[in-house]
Amino acid sequence: MIIMVYGGSGSGKSAYAEWLLTTLAEQNTKYYIATMQVLGEEGQQKVKRHHDLRAGKGFITIEKKRDIEGIAKKLSSERNSILLECMSNLVANEMFTEKGIVKGSELVRKIMQGIEVLSKQAEHLIVVTNNIFEDGIKYDETTMEYIKALGRINRELTSLADSLIEIVVGIPIIIKSCKEVEKCGL
């Protein structure tokens, strides 16, 4: 089962996704795939806050800024539940590499292939992503390429997802639901 959780920056989507996964997957091995590339003091503070949020919840953290398909090989063969945090970081990391900028369909294909492989290894796969599309600003060409790639991936994820949940100021709004998510009391 794939669940997509999205919202704006600071909306509470990560905390909600963690709660949802721990609620759905009490008996499963819970993996937290952290994709943030830590840069500077602000990045370190954000990572610390996320570590503190998930302390004591039984997550096995895998820090992997690229190549999520390769993570599947590291997972146990038992019942797995996975939280991928977050797609916007993963897209940026895969797009802006030491070798240059990876564009368009190649980037989308690689990431969606990784999602497919991960989803086969998980009873529950929750993907957290950002809503960055509503500010109405026209950015430089490279930033627009990033926004378009994230948008295409989010659309493909929406099609694959069994549930789609938007978080608005900490409030979950169910856009698309499945019975298992409904059992969580939403």
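Residues numbered from 1 in each chain as written. Predicted model: local features only at pLDDT ≥ 70, side-chain atom pairs only at ≥ 80, totals over all residues. Heavy atoms only, no water.

**Some words on helix H5 (residues 141–160)**
Logical step 1: When the terminal C-alpha atoms of H5 are compared, their 29 Å separation across 20 residues agrees well with the 28 Å that a helix rising 1.5 Å per residue should span.
Logical step 2: When H5 is considered as a whole, its buried residues turn out to be Met144, Tyr146, Ile147, Ala149, Leu150, Gly151, Ile153, Asn154 and Leu157.
Logical step 3: Elements that come into contact with the buried residues of H5 comprise strand E1 (2–7), helix H3 (87–95), strand E5 (96–97), helix H4 (104–120) and strand E7 (124–130).
Logical step 4: Where H5 begins, the side chain of Asp140 points an oxygen toward the backbone nitrogen of Thr142, at a separation of 3.1 Å. (Helix = DSSP H or I, 4+ residues; strand = E, 2+ residues; numbered from the N terminus. Expected span 1.5 Å × (residues − 1). Buried < 20%, exposed > 50% of the residue type's maximum accessible area, 1.4 Å probe, protein only. Contact = heavy atoms within 4.5 Å. Polar contact = N/O pair within 3.5 Å; in protein donor to acceptor, adjacent residues only side chain to side chain.)

**Topic: the packing of aromatic side chains**
Logical step 1: This model, assessed by the stated rule, comprises two aromatic pairs.
Logical step 2: Ring centres of Tyr16 and Trp19 lie 5.6 Å apart, and the angle between their planes is 40°; this geometry places the pair in the tilted category. Taken as a pair, Tyr16 and Trp19 lie in helix H1 (residues 13–24) at a separation of three residues, close to a single helical turn.
Logical step 3: Exposure remark for Tyr16: the relative accessible area of 9% places this residue in the buried category.
Logical step 4: Each ring, one from Tyr32 and one from Phe59, has its centre 5.7 Å from the other, and the planes form 85°; the classification is edge-to-face. One end of the pair, Tyr32, is in strand E2 (residues 29–34); the other, Phe59, is in strand E3 (residues 59–63), with 27 residues separating them in the sequence. Of the two residues, Tyr32 and Phe59, neither departs from the other in class, the shared state being buried. (Phe/Tyr/Trp six-rings, centres within 6.5 Å; stacked < 30°, edge-to-face > 60°.)

**A short note on the packing of H4 against H5**
Logical step 1: Contact pair H4 / H5: the axes reach a minimum separation of 10 Å and the direction vectors enclose 35°. Crossing angle aside, the handedness with which H4 passes H5 is right-handed. Contact residues: Gly104, Ser105, Leu107, Val108, Ile111, Met112 and Ile115 in H4; Glu145, Ala149, Arg152, Ile153, Glu156, Leu157 and Leu160 in H5.
Logical step 2: Broken down by class, the residue content of the contact of H4 with H5 amounts to nine nonpolar, two polar and three charged. (Axes fitted to C-alpha atoms, helices over the stretch in contact; angles between N-to-C directions. Left-handed = near helix turned anticlockwise from the far one by under 90°. Nonpolar A, V, L, I, M, F, W, Y, C, P; charged D, E, K, R; others polar.)

**Considerations on the pattern of salt bridges**
Side chains that carry opposite charge are capable of pairing whenever their charged atoms lie near each other.
Logical step 1: What the rule picks out here adds up to four salt bridges.
Logical step 2: When the shortest N-O distance is used, the salt bridge between Glu18 and Lys57 registers 3.1 Å. With Glu18 in helix H1 and Lys57 in the loop between helix H2 (40–54) and E3, this residue pair connects regions lying 39 residues apart in the sequence.
Logical step 3: With a relative accessible area of 0%, Glu18 lands in the buried category. (Salt bridge = Lys/Arg side-chain N within 4 Å of Asp/Glu carboxyl O.)

Take it as geometry only, folks, not as evidence of what the structure does.
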